[in-house]
Amino acid sequence: ERLSWTQCPGDRSHQLLETQQSYETEWDMINAVSFRKRPCSNREGDHERTRWALTFSVSELRSITVKEEGWTFLICKLKEASTPLPALHFHQGGSREFLESLRRFALLTESPDDEMCLLVSTPNKALSQSFENLLDDNSFGLVHKFRKDPYVATLGGFSKVTNYIFDALRGSEEQHQRPPEEVADLLGEVIPGLEINQQEEPGFEVITRIDLGTRPQVMRREPVSVDNWTKHQDPEGRMINIPHLKHTIFKGGLCHAMRKEAWKFLLGYFPWDSTLEERKALQRSKTDEYFRMKLQWKSVSEEQERRNSRLRDYRSLIEKDVNRTDRTNRFYEGIDNPGLALLHDILMTYCMYDFDLGYVQGMSDLLSPILYVMENEVDAFWCFVSFMDQMHQNFEEQMQGMKTQLIQLSTLLRLLDLAFWNYLESQDSGYLYFCFRWLLIRFKRELSFQDVLRLWEVMWTSLPCLNFHLLVCCAILDSEKQKIMEENYGFNEILKHINELSMKLDIEEILQKAEGICLQIKSCKDLPHSVSVILGFDSNISSSDPTGCGSPPAPRPIQRQDVCSNGHLRKNSSHNSCKVAFIS
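Criteria and cut-off values
- Residues numbered from 1 in each chain as written.
- Predicted model: local features only at pLDDT ≥ 70, side-chain atom pairs only at ≥ 80, totals over all residues.
- Heavy atoms only, no water.
- UniProt positions renumbered as here; feature names shortened; annotations may be inferred.
- Helix = DSSP H or I, 4+ residues; strand = E, 2+ residues; numbered from the N terminus.
- Buried < 20%, exposed > 50% of the residue type's maximum accessible area, 1.4 Å probe, protein only.
- Contact = heavy atoms within 4.5 Å.
- Areas by Shrake-Rupley, 256 points an atom, 1.4 Å probe, with all protein chains shown as cover.
- Pairing = 2+ DSSP bridges.
- Axes fitted to C-alpha atoms, helices over the stretch in contact; angles between N-to-C directions.
- Phe/Tyr/Trp six-rings, centres within 6.5 Å; stacked < 30°, edge-to-face > 60°.
- Lys NZ or Arg CZ within 6 Å of the ring centre and 35° of its normal.
- Parallel < 35°, antiparallel > 145°, perpendicular 65-115°, else oblique.
- Left-handed = near helix turned anticlockwise from the far one by under 90°.
- Nonpolar A, V, L, I, M, F, W, Y, C, P; charged D, E, K, R; others polar.
- Core = buried A, V, L, I, M, F, W, Y, C linked by side-chain atoms within 4.5 Å.
- Domains from an automatic or database assignment.
- Salt bridge = Lys/Arg side-chain N within 4 Å of Asp/Glu carboxyl O.
- Expected span 1.5 Å × (residues − 1).
- Polar contact = N/O pair within 3.5 Å; in protein donor to acceptor, adjacent residues only side chain to side chain.
- pLDDT = per-residue confidence, 0-100.

Going by what an unreviewed UniProt entry lists, the protein chain is known as TBC1 domain family member 15 and is assigned to Anabas testudineus. Taken from UniProt, the Subcellular location (unreviewed entry) comment for the protein chain reads in full: "Cytoplasm". Checking UniProt for the protein chain, the heading Function (unreviewed entry) contains the comment "Acts as a GTPase activating protein for RAB7A. Does not act on RAB4, RAB5 or RAB6."

Structure (structure tokens):
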């Protein structure tokens, strides 16, 4: 693909602004400069019309040097060029937006010799770095890329939280089989930093076939009622017998009438040992803090926002996402729905709370059920903050949380069913990237809205082990493995089949099987150390634990920027290699 840059006439800038800023267009530029696809032509008559145009492939760029001369101009150097390129001058501004847009298609790094020189590298990171496009419903580009390179396109597609029409992906052309090392290279390009050792998963010992014994049968129970919840409160409002209460919630969830109160405890907004008066004081304090942050973005003038591209981009993405989040739910349906306004305001305020992360598409999916339950702007915000503390790394640019979880899930599946894992491996699916969407937003797009509420409150108990959501993945795959193997599904068919499970899953059945898997693994005498670490098993856990699996030990005090509750280190940790460090 070749591109040409042309200067936009000033009177057309305003007209093009909306189209240029849309993340759904294939090439985005802002205000002063636009990308236009231009066919190459050697006709002499075209010379006058194109004499101010520059045409070259982005992949040919070697570097871009930023210069100031009362205005900014950029000097582009190609890897191989017989004549130097003329400079790109930005008399009316727009150079920063130009570079920000270019970063979507290439990696720009500061030269060690010249801080004004940006070195350009273009591995296939456009898909992984388009994390802001998680909800892009335009699947034509994916179809086109899939036909050209199914491996890269699949990973890119599953980094977008949406449903795709996989029938369109199945072409008549025959796709050749790639060698494993080439597949590993492609996966590493799509998920930056994911280095794959063909002999074993990074950070884990090789797992051979282990006899896990019979999987025990478990039963689910009725949801916790209002009366049952009240029995766990003392006269001052403190929660008592908390381990038993959490176990009861794990086994049956909560009746809807209790969710508004109980979720505040499960998510850590309310301390379990707080009195009713202490919680009222906490809410007053948190209300003041929330509206101070909300006032920060509410009071930004149009003139200020014009000079703040990040805030402007956050707002644009939020407005677009809010208009298509759970619109079939009565809480969010219709035009000018107050629920949508609250969704928008909470997400904008979260940008003020964590401006480094800001807003990434997919986060609206995590907030929507919380706001639905809380029916209160302030309470929903602080519960969302607590949930994002757990999910933070899923949305960071390097996707460290996703890398870690995919490695962990692969390790667990190899232990549970080596034959099935080997089959997936033979179909180039051993890295389980088709589970990407499950992990990214905790099954939000796979289950009905009410089932999502049930699953999340069960997982927030932190029972019966660490990373229980990975066992939920294993339970779903366990139910589907027979069909996948008997029908001899290949790469494309596996993707299509997993995607079509959306809204067809029974949450109680899944939770029952996932708990049984936990008990089965825990009873194994020769459990690999890597699995014990992933699930947080400890030989010192008392056998009297009511779950039968043991709850994770109380975490040592750690700073949020160093670790997240998925049990892996954040990217500023000293563990930067592909070997994954865990905190149990």
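Continuing now.
Q: Help me out: how do you make sense of the overall build of the protein chain in this one?
A: Counting secondary structure elements, the protein chain contains 24 helices and 10 strands. Among the 584 residues that make up the protein chain, the fraction classed as buried is 54%. A separation of at least 24 residues holds for 72% of the contacts in the protein chain among residues at least 6 apart in sequence. Of the accessible surface of the protein chain, which amounts to about 27,900 Å², a share of 48% is contributed by carbon and sulfur atoms.

Q: Would you take a moment to explain the environment of Leu424 for this structure?
A: As for its placement among the helices and strands, Leu424 is situated in helix H18 (residues 418-426). Residue Leu424 is classed as buried on the basis of its relative accessible area, which comes to 0%. Sequence separation of Leu424 and Tyr489 is 65 residues, and the distance between their C-alpha atoms is 9.2 Å. With residues up to four places along the chain from it excluded, the contact list for Leu424 reads Leu413, Ser429, Gly430, Leu432, Phe434 and Ile494.

Q: Honestly, the sheet that holds strand S7 (residues 107-110) in this entry has me stumped. Any pointers?
A: With respect to topology, five strands assemble into an open sheet ordered S6-S5-S4-S8-S7, the strand pairing being antiparallel. The open sheet is flanked by strand S6 (88-90) and S7, the only strands paired with a single partner. Averaged over all pairs of adjacent strands, the angle between strand axes in this sheet comes to 25 degrees, irrespective of strand direction. Summarising the sheet, S7 and strand S8 (residues 117-121) pair through four bridges and their orientation is antiparallel.

Q: Explain the packing of aromatic side chains to me, please; I cannot follow it from the model alone.
A: Applying the stated rule across the entire model yields 24 aromatic pairs. Look at Tyr269 and Phe270: their rings are 4.9 Å apart centre to centre, the planes differ by 25 degrees, and that puts the pair in the stacked class. A single burial state applies to Tyr269 and to Phe270, both of which are buried. Taken together through their ring pairs, the aromatic side chains of Tyr290, Phe291, Tyr350, Tyr353, Phe381, Trp382 and Phe384 make up a single cluster. The side chain of Arg414 reaches across the aromatic face of Trp421, ending 5.1 Å from its centre. Note that Lys522 overlies the ring of Phe537, its terminal NZ or CZ placed 4.8 Å from the centroid.

Q: Would you mind showing me how to read helix H9 (residues 242-252) here?
A: Residues that lie three or four places apart on an α-helix share one face, since the helix turns once every 3.6 residues. Taken together, the buried positions of H9 are occupied by Leu245, His247, Thr248, Ile249, Phe250, Lys251 and Gly252. Of the surrounding elements, those touching the buried residues of H9 are helix H8 (226-230), helix H10 (256-266), helix H20 (449-459), helix H21 (468-486) and helix H23 (507-522). Once H9 ends, the next one or two residues include Gly253, with phi positive near 75 degrees.

Q: Please clarify how the packing of helix H17 (residues 400-416) against H21 should be interpreted in this entry.
A: Relative orientation and spacing of two packed helices are given, respectively, by the angle between their axes and the distance between those axes. Between H17 and H21, the shortest axis-to-axis distance is 10 Å and the interhelical angle comes to 50 degrees. By the angle between their axes, H17 is oblique relative to H21. Read as a crossing pair, H17 and H21 show a hand that is right-handed. In contact with Gln405, Gln408, Leu409, Leu412, Leu413 and Leu416 of H17, H21 contributes His469, Leu470, Leu471, Cys473, Cys474 and Leu477. When grouped by side-chain class, the residues that make up the contact of H17 with H21 number nine nonpolar, three polar and no charged.

Q: Sorry if this is basic, but what is going on with the nonpolar core here?
A: Here is a general trend for soluble globular proteins: nonpolar side chains tend to be buried in one another's company. Counting residues in hydrophobic clusters, the biggest one holds 120 residues, and the most contacted among them are Trp229, Ile370, Phe468, Leu471 and Ile521. In terms of residues, this core owes the most to one element, helix H16 (residues 377-395), which gives 11 residues. Two domains each put at least three residues into this core: domain 3 (226-394) and domain 4 (400-535). Other than its neighbours up to four places away in sequence, Phe468 contacts Phe250, Val458, Met459, Leu463, Leu511, Ala514 and Glu515.

Q: It is not clear to me how the environment of Lys79 should be interpreted in this structure. Could you clarify?
A: Take Lys79: it is sitting in the loop between strand S5 (72-78) and S6. The partly exposed category is assigned to Lys79, whose relative accessible area is 39%. When the C-alpha positions of Lys79 and Ser59 are compared, they lie 8.9 Å apart, and in sequence the two are 20 residues distant.

Q: Please explain the pattern of salt bridges as it appears in this structure.
A: One side chain can pair with another of opposite charge once the charged atoms of both are near each other. Tallied over the full model, the rule gives 27 salt bridges. A salt bridge links Arg238 to Glu236; the nearest nitrogen and oxygen atoms lie 2.4 Å apart. Accessibility expressed as a relative area gives 30% for Arg238, which makes it partly exposed. Since its relative accessible area comes to 47%, Glu236 is described here as partly exposed. Residues Lys481 and Asp417 are paired through a salt bridge, measuring 2.4 Å at the closest nitrogen-oxygen approach.

Q: For this particular structure, what's the right way to read H23?
A: In a regular helix each residue adds 1.5 Å, so 16 residues correspond to 22 Å; H23 covers 22 Å between its end C-alpha atoms and thus fits that length. For H23, the set of buried residues is Ile507, Ile510, Leu511, Ala514, Glu515, Gly516, Ile517, Cys518, Leu519, Gln520 and Ile521. Of the surrounding elements, those touching the buried residues of H23 are H9, H17, H20, H21 and helix H24 (529-535). Among the residues of H23, the N-terminal cap falls to Asp506, whose side-chain oxygen and the backbone nitrogen of Glu508 are separated by 3.1 Å.

Q: Looking at this structure, how should I read the confidence of the model for the protein chain?
A: Caution applies to low-pLDDT regions: their predicted coordinates should not be interpreted in detail. When pLDDT is averaged along the protein chain, the result is 75, and 67% of the positions lie at 70 or above. Per-residue pLDDT stays below 50 along residues 186-205; that stretch engages in 62 contacts with residues further than four places along the chain or on separate chains. Low pLDDT (under 50) marks residues 539-584, which in the prediction has 87 contacts with non-local residues, meaning those over four places away or in another chain.

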